[in-house]
Amino acid sequence: MTELRIAIVGFGKIARDQHVGAIAAVPGAALAAIASRNASLPGLPHFATIEELLEKGPPIDAVSLCTPPQVRRAQAAAALAAGKHVMLEKPPGIGVAELDPLVAMAAEAKRTLFATWHSRHAPAVEPARQWLAERRIKSVHVSWKEDVRVWHPGQGWIWEPGGLGVFDPGINALSILTKILPKPVFVTAAELAFPANCQAPIAANLTLTDIDGLAVTAEFDFRQTGPQSWDILVDTDQGRMTLSSGGARLEVDGKVLAEAPDEEYRGLYRRFVELAATGASDVDLTPLRLVADAFLLGRRTVVEPFVD
Ligand code: NAP
């Protein structure tokens, strides 16, 4: 098998925590270089920017963009123009429409554009989808509450336009929700709490529904101290399903049906290798559209300034 030679661009928290290990673990994938303004890895070619990587770097087939969303579109366009396959961290963009030209570029160049949703690869997500497919769903509640100071220390970009604030983790919940529910959902109302000194919300409450009027609520909060929650509760005609720990554990009425260690990023790189073999793209903007609609519909309140 020819290896997909991948360069990581942007070497922050998620590149270190997940991407390096996942690339090493997936057959057919190989880490070939790093583009980072500040970091390098021993034994690997290093370049300060993606432009320098593409111009002077070793032969590579693909880039994995682990930078904040505000700078990724231009990086993706540069990589596609240079004939590279592109993997995008989530969210795929700072707006919905900016993806269209990238999708077109990828198709024309016969290169892969892969907009990743790592949470969809959590081990209990597919079992949850299958379990729900055979039940009548009565209501859904999403509780995604984490301490921003613990999980996103010093990430100023998250509070800027396009950084999404609490929707940075919240969009992971929406990526799972839109995979496990049998019918598409849409936002009907939203309340967004903006710190007085920030351009993105620190908390959000969403009301959603589907064509049949299903009741779906979601609570996202970055101010959670103590126990954290990444849970989706679904009441059905055959009991309450709880998908917890970000999609790692599935319970029905307290009985565990699925639980396994996290291999989300290995799943992503297996899919990237598979897509790149034919140059096919995989860009599902459904979770981003829901976030965009929450911003369109959101009633805003101003809350106390956020200090990291
Ligand atoms: P991060 O720790 O802030 O790292 C992002 C890296 O991108 C920085 O370390 C920096 O790397 C580079 N960068 C920042 N600003 C840049 C700019 N203006 N131009 C070029 N490069 C810039 O953020 P992260 O947590 O890794 O998140 C990155 C993306 O991954 C986000 O979209 C996030 O939603 C997603 N993600 C994060 C997590 C998580 O748990 N943190 C989980 C899943 C997905 P260099 O200094 O190396 O250039």
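So, how was this worked out
- Residues numbered from 1 in each chain as written.
- Predicted model: local features only at pLDDT ≥ 70, side-chain atom pairs only at ≥ 80, totals over all residues.
- Heavy atoms only, no water.
- 1 Å grid on protein atoms, 1.4 Å probe; cavity = no way out; pocket = protein on both sides within 12 Å on 5 of 7 lines; lining within 4 Å.
- Points joined across faces, edges and corners; volume = space filled by probe spheres on them.
- Helix = DSSP H or I, 4+ residues; strand = E, 2+ residues; numbered from the N terminus.
- Domains from an automatic or database assignment.
- Contact = heavy atoms within 4.5 Å.
- Buried area = accessible area lost by both parts, 1.4 Å probe.
- Salt bridge = Lys/Arg side-chain N within 4 Å of Asp/Glu carboxyl O.
- Polar contact = N/O pair within 3.5 Å; in protein donor to acceptor, adjacent residues only side chain to side chain.
- Near = heavy atom within 4 Å.
- Areas by Shrake-Rupley, 256 points an atom, 1.4 Å probe, with all protein chains shown as cover.
- Sits in = over half its atoms within 2 Å of the grid points.
- Nonpolar A, V, L, I, M, F, W, Y, C, P; charged D, E, K, R; others polar.
- Phe/Tyr/Trp six-rings, centres within 6.5 Å; stacked < 30°, edge-to-face > 60°.
- Buried < 20%, exposed > 50% of the residue type's maximum accessible area, 1.4 Å probe, protein only.
- Axes fitted to C-alpha atoms, helices over the stretch in contact; angles between N-to-C directions.
- Parallel < 35°, antiparallel > 145°, perpendicular 65-115°, else oblique.
- Left-handed = near helix turned anticlockwise from the far one by under 90°.
- UniProt positions renumbered as here; feature names shortened; annotations may be inferred.

What the largest pocket holds in volume is close to 1300 Å³. In terms of lining residues, the largest pocket is bounded by 48 residues, among which Lys13, Ile14, His152, Gln155 and Tyr265 are the most central. When residues of the lining of the largest pocket are assigned to their parent elements, the largest contribution, six residues, is made by helix H1 (residues 13-25). Both domains that meet at the lining of the largest pocket, namely domain 1 (4-118 + 264-283) and domain 2 (120-260 + 292-303), each give it at least three residues.

Let's shift gears to the domain arrangement of the chain. A common way to express how large an interface is: the accessible area buried when the components associate. In terms of domains, the chain is made up of domain 1 (4-118 + 264-283) and domain 2 (120-260 + 292-303). One C-alpha centre belongs to domain 1, the other to domain 2; they are set 26 Å apart. At the junction of the two partners, domain 1 supplies 13 residues and domain 2 supplies 17 residues. In terms of surface lost to domain 2, no three residues of domain 1 exceed Lys13, Gln70 and Trp117, which account for 40% of the buried area on that side. Close ionic contact of Lys90 with Asp168 constitutes a salt bridge, the shortest N to O distance being 3.3 Å. Here domain 1 is connected to domain 2 by six residue pairs in polar contact (both at pLDDT 80 or more).

Of all residues adjacent to the ligand, which total 22 residues, the nearest are Ser36, Asn38, Arg72, Lys90 and Asp168. Ser36 places a side-chain nitrogen or oxygen 2.3 Å from an oxygen atom of the ligand. Here an oxygen atom of the ligand sits 2.6 Å away from a polar atom, N or O, in the side chain of Arg72. With the chains in place, 81% of the 870 Å² that the ligand exposes on its own is no longer accessible. Among the cavities detected, the one that contains the ligand is the largest pocket. Elements with a minimum of two residues in the shell around the ligand: H1 and helix H3 (69-81). Per-class residue counts for the shell around the ligand are nine nonpolar, seven polar and six charged.

Right, let's talk about the packing of aromatic side chains for a bit. Under the counting rule described, the total for this entry stands at seven aromatic pairs. Consider the rings of Phe167 and Phe220, whose centres lie 5.7 Å apart with planes at 80°: the pair is edge-to-face. Of this pair, Phe167 sits in helix H7 (residues 167-180) while Phe220 sits in strand S10 (residues 215-221), placing them 53 residues apart in sequence. On the accessibility criterion, Phe167 (0% relative accessible area) is buried. Judged by centre distance (6.5 Å) and plane angle (70°), the rings of Tyr269 and Phe272 are edge-to-face. You can see Tyr269 and its partner Phe272 sitting in helix H8 (residues 264-278), three residues apart, about one turn around the helix.

Right, let's get into the packing of helix H5 (residues 125-133) against H7. Between two packed helices, the angle of one axis relative to the other and the distance separating the axes together describe the packing. Interaxial distance between H5 and H7 falls to 8 Å at its minimum, and their mutual angle equals 40°. With respect to H7, the element H5 is oriented oblique. Viewed along their axes, H5 and H7 form a crossing whose handedness is right-handed. Contacts between H5 and H7 involve Val125, Glu126, Ala128, Arg129 and Leu132 from the first element and Ile176, Lys179 and Ile180 from the second. Here the residues of the contact of H5 with H7 are counted per class, giving five nonpolar, no polar and three charged.

With that out of the way, let us pick up unusual backbone geometry. The peptide bond linking Lys90 to Pro91 adopts the cis configuration, its omega dihedral lying at -10°. Among the structural elements, Pro91 can be located in the loop between strand S5 (85-88) and helix H4 (99-109). One non-glycine residue, Leu164, lies in positive phi territory at about 75°. Among the secondary structure elements, Leu164 is positioned in the loop between helix H6 (148-151) and H7.

Our next topic: the UniProt feature "domain: Gfo/Idh/MocA-like oxidoreductase N-terminal" (unreviewed entry) in the chain. The feature "domain: Gfo/Idh/MocA-like oxidoreductase N-terminal" (unreviewed entry), as annotated in UniProt, sits at residues 4-114 in this numbering. Counted over residues 4-114, helix gives 40% and strand 23%. Its end C-alpha atoms are 14 Å apart.

This part takes up the side chain of Asn172. Summarising the element assignment, Asn172 is placed in helix H7. Judged by its relative accessible area of 9%, Asn172 is buried. Excluding residues that lie within four positions of it along the chain, Asn172 makes contacts with Lys90, His118, Ser119 and Trp144.

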